[in-house]
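Understanding the architecture of this molecule
For reference, the chains in residue letters:
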Amino acid sequence: MKQGILWRVAIVLLVLCASAYVMLPDMLSVPRLKEGEQPQGLARFLPNTRVNLGLDLLGGIHLTLGVDMEKAIEANLSQVGQELLAEASRKGLLITAPQLAGERLEFVLTVPGKQEEFEELLKQKFHSLAFEVPKTLANGRLRYSLALTELERQRFTDSTLDQALSTIRNRIDQFGVAEPDVRKQQDGRIVVQLPGMDDSNRAIGIIGKTAHLEFRLVVDPATTKGPTEQLPYVGSRGDEAKGAPRFITVEKEVSLTGDHIENAVVGSAQYGDYEVAISFDRRGSELFGRLTEANLQRNLAIVLDGKVHSAPVIQAKLTDNASITGNFTLEEATDLALVLRAGSLPAPVKVLEERSVGPSLGQESITQGVTAALVGGAIVMLFMMVYYGFSGVIANFMLLFDVLLILAGMALFGATLTLPGIAGIVLTIGMAVDANVLVFERIREEMRRMSPLEAIEAGFSRATLAIVDSNLTTIIAAVILYQFGTGPIRGFAVTLTLGIIASMFTAIFVSRVIFTIWMRKPGRKLSI
Amino acid sequence: MGLYLIKNDLNIDFVGKRKIAYVLSVLIIAAGILTMVLTGGPKYGIDFAGGATAQVRFAEPVSDEVLKTSLNGAGLPGLVIQRFGDDSRTYLLRISVGEESSSGVTESIAGALRQHMAGKEFEIQRVEMVGPKVGADLRSKALEAMFYATLITAIYISGRFEYRWMSATIMAAVLGGGMFALGAFGVNKVLLVFLALGCTVVLCWRLKLVFALGAVVSIVHDVLITVGVFAMLGKEFDLTIIAALLTIVGYSLNDTIIVYDRIRENLRNNEDQPLSVVINQSINQTLSRTILTSGTTLMVISALLLFGGGIIFDFSLVMFIGVLVGTASSMFVASPILLAMGDDVVSHAHIGVDERPRDTDGRVAGQV
């Protein structure tokens, strides 16, 4: 024991200095370095560690989004169906237009005796579909009902999720939020954290807008033969007065989509509205040129997320420019332009969970949390000093050391401090003295039988196992809590765990070193 | 020189009073369960029930009545208005949300306020919206988390106190695996958790894992009482409450383990004392520490209750009840329950099968 004292002192000092060093940037309020930024001045000598504040303290928006996979799969299947129809008819294998039934594609092969040839085509060119034996109908016709293979379905949902993730990231980057956090969750959900943002409506508008842009030709429902669709017309502000229709009939076939957009900017239109001017990339210009040239004097509907925004007459061949009008405010137009630039989502997303905290409330929470910590800490420290005298003072220093260790640990691991996290620190202040109390009570007990120095040795040794045992169950609970919880709750689990570990270290190891040194001078009395 | 709260030679007969404690516990638990049954199950906050709450602060004080009558016709579905904090400026507005109307909650509340509370300036400080599906997910996950925490703690206790890591681990693996398998077949999670807890108690009994049994019973006891009292106060359960309850699962054992540790030590030293005497002696020896630690913990929790603000008030309240109950149960429930199986089971021989390496004085490594 005695020989090791120098080593023990060295370890204690090392831990103390290291945690103080890690905490320096926060104490001196040196801002965090951005990625790739070179440290200037003081920052060159400091680590780039900070205690992150959670959204509940900083203010900001937390969103959990679910991608509508059913819709995405349906869209994918109907595209496969179109290709199948085209491919089959090219080979003279007539099939009815494939219909969607849930996650299945249903159609009938109408030419008898071509089963083998048709199935050969399916196997060669459409391996994303799981083959199933068809049902024979009258006249030798065959009814097929096909779904995606399990593997293809998995691959498709994965890629859809990844695509949605990168689109959302892209949009947020363009919007310019400081330190956003966008990540996938295990269950196919996407979590978005936007610190400092307080307009959740706008955030959801930007993140959640599918922004699926289509150009479709307007038709007269009375005269046309091909498949058509009625879409709601949102129009621009002056239209209602002119008695504009509420629905517009368009061709089912999509002439051009927003996939070929190169840029989108805000411009001003009539009636004080704003419009979004888009320009196409090379392929887009080609397609748009061909489309407008072939359909001069017809109306072309500009459809955004299933709603017709305008349907102007094509006056001349156009190539690389088009504009979307509608009754947009400046903010709406700006956001739409942003979303179009960043690309459309592969499927609609739904907001499953939203938590937003305004900046003023965050600040209020910090003040309240810190007040509770200070008051609670002061009461406990006062109590320990009165009850245990000098030993209580040592325990109080251990308490301060604990709090430093918790914060340093958080900075080191990049953990996030939340309001429940502050509550966790306050709680560990109360619980941390437990380890000291265990040791002190044991020393008091042993002092009835032996000298103070022996009692200290015996007290520490005997209490150690009990301290570890009793604290481990709380750590078990905290680890499970971390697994289960989200955001703020995790912050609580983190501070609780760190606090317990820190208190074990200080009560078992550090305070023993201090007691040993203190009692080395012969004749010293122990105040406990 | 320090103070002494508890006299050294104190000898309270905890074991003798255990029947009174049991009756009291059963009464409180029954009252809590009755309350929840009468009110149609525990009250869930939006985390578990789904829905949205907005914390709104007005620039000027607004009376409850005015707010209620003005917003009545605003078309906010399932609106519940609740005052938040002590000034009449801050309110919680809770509305229900469907699968489809989940986005734009902030806007619909702000719109209703602008329209129906014209002229009153307000700020929406906080909005929380949880879709119905997420809420249901969280509810079953929370229960599972509580169960697994209890189970793992039980293994730890039997391992540490009875050196029966094997039986405890196998028991836990069977229970955990069974839960998982049945859960995969779509059996109701809530039912499953209670079933599994029942199985745990019975298994601990059959396998004679006495200390684990005591721990599990006292955890269930503490959680049930805390939940019951919380429900009787008319409070809602949400995620932070579960966090507090999980902490209670860990913390309530804190005291229990200290007493168990002492019982084990005293059993080793006094081989011929009857168990009830040893238990009483151990509780009394650790009493001063038990009261001190719970005391300091309750002090800081009181600070949280008084100064921590409205958002963590309920959390702190649950912690307060839980720590109080946990401390009492470690003295009156967890230890006396060791007697339930008779003197022979917690036999001295049983504790004696400790085969950890010992030094020449017969001490276990790490102990003096």
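Calculation criteria
In every chain, residue numbers begin from 1 and rise along the written sequence. The order in which chains are written sets their letters, starting at A; the order in which ligands are written sets their numbers, starting at 1. Local features in this predicted model are restricted to residues whose pLDDT is 70 or higher, and side-chain atom pairs enter the listing and the counts only when it is 80 or higher, whereas totals over whole chains, interfaces and linings include all residues. By convention in this description, side-chain values take in all heavy atoms of the structure and omit both hydrogens and water. Here a strand is any run of E in DSSP of at least two residues, a helix any run of H or I of at least four, and the numbering for each starts at the N terminus. Here the globule rule reads 2.2 Å times residues to the power 0.38, and the radius of gyration is calculated from C-alpha atoms. Using a 1.4 Å probe on the protein chains alone, a residue whose accessible area is under 20% of its type maximum counts as buried, one over 50% counts as exposed, and one in between counts as partly exposed. Pairs of residues are marked as contacts when any of their non-hydrogen atoms sit within 4.5 Å. The accessible surface values rely on the Shrake-Rupley method and a 1.4 Å probe; as for residues, cover is taken only from the protein chains in view. Two residue types count as positive, namely Lys and Arg, and two as negative, namely Asp and Glu; His and chain ends fall outside the count. One atom stands in for each charge, and that atom is NZ of Lys, CZ of Arg, CG of Asp or CD of Glu. The split into domains, and so the bounds of each, comes from an automatic or database assignment of domains. Put simply, buried area is the surface a 1.4 Å probe can reach on two separate parts but cannot reach once they are joined, added for both. At least two bridges found by DSSP between two strands are what make those strands a pair. A fitted line through C-alpha atoms serves as each axis, taken over the contacting stretch for helices, and the angle formed by two N-to-C directions is quoted from 0 to 180°. Roughly parallel refers to an angle under 35 degrees, roughly antiparallel to one over 145, roughly perpendicular to one between 65 and 115, and oblique to any angle outside these ranges. Should the near helix be turned counterclockwise from the far one by less than a right angle, the crossing is left-handed, whereas a clockwise turn marks it as right-handed. We define a salt bridge as a side-chain nitrogen of Lys or Arg found within 4 Å of a carboxyl oxygen belonging to Asp or Glu. Any pair of N or O atoms that falls within 3.5 Å is considered a polar contact. Within protein, one atom must be able to donate a hydrogen and the other to accept it, and sequence-neighbouring residues count only if both atoms are side-chain atoms.

Some words on the overall build of chain A
A count of helical and extended segments in chain A gives 13 helices and 20 strands. Here the C-alpha radius of gyration of chain A, 34 Å, is well above what a compact globule of 528 residues would show, namely 24 Å. Based on the C-alpha atoms only, the size of chain A along its principal axes is roughly 110 × 60 × 40 Å. The burial tally for chain A puts 49% of its 528 residues in the buried class. For chain A, the share of sequence-separated contacts (at least 6 apart) that also reach a separation of at least 24 residues comes to 69%. Counting every atom, chain A has about 25000 Å² of accessible surface; 56% of that belongs to carbon and sulfur. Between the mean site of the 51 positive side-chain charges and the mean site of the 56 negative ones, chain A shows a separation of 6 Å.

Overview of the overall build of chain B
When helices and strands are tallied, chain B shows 12 helices and 4 strands. A total of 368 residues make up chain B; the buried ones form 52% of that total. Counting only contacts in chain B whose residues sit at least 6 apart along the sequence, the fraction spanning at least 24 positions is 77%. Total accessible area computed for chain B in this model is approximately 15700 Å², and 63% of it derives from carbon and sulfur atoms.

Remarks on the domain arrangement of chain B
All names here are of chain B. You can read the domains of chain B as domain 1 (15–42 + 134–348) and domain 2 (51–130). Between domain 1 and domain 2, the C-alpha centre-to-centre distance is 39 Å. Taken together, the contacts link 5 residues of domain 1 with 5 residues of domain 2. The three residues of domain 1 that bury the most area against domain 2 are Glu236, Gly310 and Ile311, which together make up 75% of that side's buried surface.

With respect to the sheet that holds strand S10 (residues 213–217) of chain A
All names here are of chain A. Reading across the sheet, the 4 strands line up as S13-S10-S16-S17 and stay open at both edges, with antiparallel pairing between neighbours. Here the strands that pair on one side only, and so sit at the sheet edges, are strand S13 (256–257) and strand S17 (307–310). As judged from the 5 bridges shared by S10 and strand S16 (residues 300–304), these two strands associate in the antiparallel manner. Note on S16: the bridge partner recorded for Glu214 is Val303.

What about the packing of helix H3 (residues 69–90) of chain A against helix H4 (residues 115–125) of chain A?
All names here are of chain A. Between H3 and H4, whose axes approach to 11 Å, the crossing angle comes to 130 degrees. Of the possible angle classes, the one that applies to H3 and H4 is oblique. H3 and H4 meet at a crossing whose hand is right-handed. Here Leu84, Glu87 and Ala88 of H3 lie close against H4, whose contacting residues are Phe118, Leu121, Leu122 and Lys125.

Overview of the packing of H3(A) against helix H5 (residues 150–175) of chain A
Residues and elements named next belong to chain A. Following both chains from N to C, one finds H3 and H5 inclined at 115 degrees, their axes separated by 11 Å at the closest point. Overall, the two elements H3 and H5 adopt an arrangement that is roughly perpendicular. Considering the relative orientation of H3 and H5, their crossing is right-handed. Contacts between H3 and H5 involve Met69, Ala72, Ile73 and Asn76 on the former and, on the latter, Arg153, Phe156, Thr157, Thr160 and Leu161.

What to know about the side chain of Ser218(B)
Assignment of secondary structure puts Ser218(B) in helix H8 (residues 210–232). Beyond its immediate chain neighbours, meaning those up to four positions away, Ser218(B) contacts Leu253(B), Thr256(B), Ser329(B) and Ala334(B).

Remarks on the interface of chain B and chain A
The interface is formed by 78 residues belonging to chain B together with 68 residues belonging to chain A. For the chain B and chain A pair, buried surface summed over both sides reaches about 6400 Å², with 63% attributable to carbon and sulfur atoms. For the interface between chain B and chain A, the tally reads 8 salt bridges. A salt bridge links Asp137(B) to Arg189(A); its shortest N-O distance comes to 3.1 Å. Across the contact surface, chain B and chain A share 22 residue pairs in polar contact (both at pLDDT 80 or more). Going through the elements one at a time, strand S1 (51–58), helix H4 (105–116), strand S4 (122–130), helix H5 (132–162), helix H9 (239–269), helix H10 (275–307) and helix H11 (313–334) of chain B are the ones with two or more residues in the side of chain B that touches chain A.

A short note on the domain arrangement of chain A
Taken domain by domain, chain A holds domain 1 (3–18 + 359–519), domain 2 (70–153) and domain 3 (212–330). The C-alpha-based centres of domain 1 of chain A and domain 3 of chain A are spaced at 67 Å.

Things to note about the pattern of salt bridges
Applying the stated criterion to the full structure yields 36 salt bridges over all chains. Residues Glu132(A) and Arg104(A) are paired through a salt bridge, measuring 3.2 Å at the closest nitrogen-oxygen approach. Residue Glu132(A) is found in the loop between strand S5 (129–130) and strand S6 (135–136), and its partner Arg104(A) is found in strand S4 (residues 104–109); the two are separated by 28 residues along the sequence. Taken together, the shared-partner salt bridges connect Glu353(A), Arg355(A), Asp47(B), Arg126(B) and Glu128(B) into one network.

Here we look at the environment of Val439(A)
All names here are of chain A. Mapped onto the secondary structure, Val439 falls in helix H11 (residues 419–447). Judged by its relative accessible area of 1%, Val439 is buried. Residues Val439 and Ile456 lie 17 residues apart in sequence; the distance between their C-alpha atoms is 8.4 Å. Sequence-distant contacts of Val439, defined by excluding residues within four places in its chain, comprise Phe460, Ala463 and Ile467.

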